Amino acid sequence: MVISAHGDSLPRRVITALVAVPVAVAAVLALPTESVALLFAVIMVAASVEWARMTMPGHPARHLFPLVVAGSVLLVWFAGAQWVGWLGVLCAISLAWWCVALVWVIRFEQGRDVATPTRAVVGGIVGWMVIVPAWAGMVYVHGSAQDGPSRVLLILLVVWAADIGAYFAGRRFGVRRLAARTSPGKTVEGAAGGLAAVVVLGIAAGLWLDLPMAHVTLLALVCLVAGALSVLGDLVESLIKRKSGVKDSGNLLPGHGGVLDRIDSLTAAAPAFAIGFDLFGAVR
């Protein structure tokens, strides 16, 4: 995500965020996992509509894809009720997909062709791997322990910290383009600032929880990896928009574009956090 300070975009972004962020935080902390799963499912299906509109324009499959996502979420939910490990397995598969996505971005930056995600079949497979595991990661973490809601809140805070840190560091120090073809607004310095903010957040959270220093370090590392992947999630959506010839995934959120524009970083960070918290729990 990139915050623009031009025109009236920034004021509208701020107003929308002031409304949406408290609602999201309250829902994550107050609602039971079943309700959170339903809320996230609605968000993911809305994102799937935008994804299909970008990657399958004029193709009949664009109407089918949101139904596939909704059905997949329902199936994973029931499978997870029988064995919660299903959600973790899906998150692990997602991490393998994001390795492929990184190669895509690198190839695109080198001016080489990538497997076109705007073809219906490829677009559907990629979209499924972007959207469904993100839902699974959030739900898995939320229901994984008594402090699951707080862990989900930390996921959101990491994504927001990476975004905000990148914005201010990029404005102040940004010189070198991070991915000139994919997302010209991002800089290496901005990304470094965002990741630094994420590490500080992880350390602060660990100290606030009074964890042993070794565990504080591990938590900061989990946050760092998830923060780096959040940048990749943003870049992948930017690549899709470049290939599709659109500026925003939609216009549902004033000043923010579409739903997918707001959760692009989360799609990569959430599965990573789910796996990271599993590892963290094993040594905590």
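Thresholds applied
Residues numbered from 1 in each chain as written. Predicted model: local features only at pLDDT ≥ 70, side-chain atom pairs only at ≥ 80, totals over all residues. Heavy atoms only, no water. Helix = DSSP H or I, 4+ residues; strand = E, 2+ residues; numbered from the N terminus. Contact = heavy atoms within 4.5 Å. 1 Å grid on protein atoms, 1.4 Å probe; cavity = no way out; pocket = protein on both sides within 12 Å on 5 of 7 lines; lining within 4 Å. Points joined across faces, edges and corners; volume = space filled by probe spheres on them. Nonpolar A, V, L, I, M, F, W, Y, C, P; charged D, E, K, R; others polar. Salt bridge = Lys/Arg side-chain N within 4 Å of Asp/Glu carboxyl O. Buried < 20%, exposed > 50% of the residue type's maximum accessible area, 1.4 Å probe, protein only. Axes fitted to C-alpha atoms, helices over the stretch in contact; angles between N-to-C directions. Parallel < 35°, antiparallel > 145°, perpendicular 65-115°, else oblique.

(A) Summary view of the environment of Leu-260. If you trace the backbone, Leu-260 turns up in helix α9 (residues 259–283). Leu-260 sits 11 residues away from Ser-249 along the chain, and the two C-alpha atoms are 6.2 Å apart. Look past the residues within four positions of Leu-260 in its chain and what remains in contact with it is Ala-47, Glu-50, Trp-51, Met-54, Glu-237 and Ser-249.

(B) Representation of empty space enclosed by the protein. Considering all chains together, one arrives at 1 cavity of 30 Å³ or more under this definition. By volume, the largest cavity is sized at about 40 Å³. Along its surface, the largest cavity is lined by Trp-51, Trp-98, Val-130, Gly-233, Val-236, Glu-237, Leu-260, Asp-264 and Thr-267. Residue composition of the lining of the largest cavity, by class: 5 nonpolar, 2 polar and 2 charged.

(C) View of the pattern of salt bridges. Tallied over the entire structure, the rule returns 5 salt bridges. Between Lys-241 and Glu-237 there is a salt bridge, with its nearest N and O atoms 3.9 Å apart. Residue Lys-241 and its partner Glu-237 are located together in helix α8 (residues 213–244), separated by 4 residues, close to a single helical turn. Across the pair, exposure class does not vary: Lys-241 and Glu-237 are buried alike. A single network of salt bridges, built from pairs that share partners, joins Glu-237, Lys-241 and Asp-261.

(D) Summary view of unusual backbone geometry. Of note, the phi angle at Asp-210 is positive, near 60°, even though the residue is not glycine. Summarising the element assignment, Asp-210 is placed in the loop between α7 (188–208) and α8. By relative accessible area, Asp-210 is classed as exposed at 69%.

(E) Main features of the packing of helix α2 (residues 33–55) against α8. Relative to each other, α2 and α8 sit at 40°, their axes nearing to 9 Å. The angle between the axes of α2 and α8 places the two elements in the oblique class. Between α2 and α8, the contacting residues are Trp-51, Met-54 and Thr-55 on the first element and Glu-237, Ile-240, Lys-241 and Ser-244 on the second. Class assignment of the residues belonging to the contact of α2 with α8 gives a composition of 3 nonpolar, 2 polar and 2 charged.

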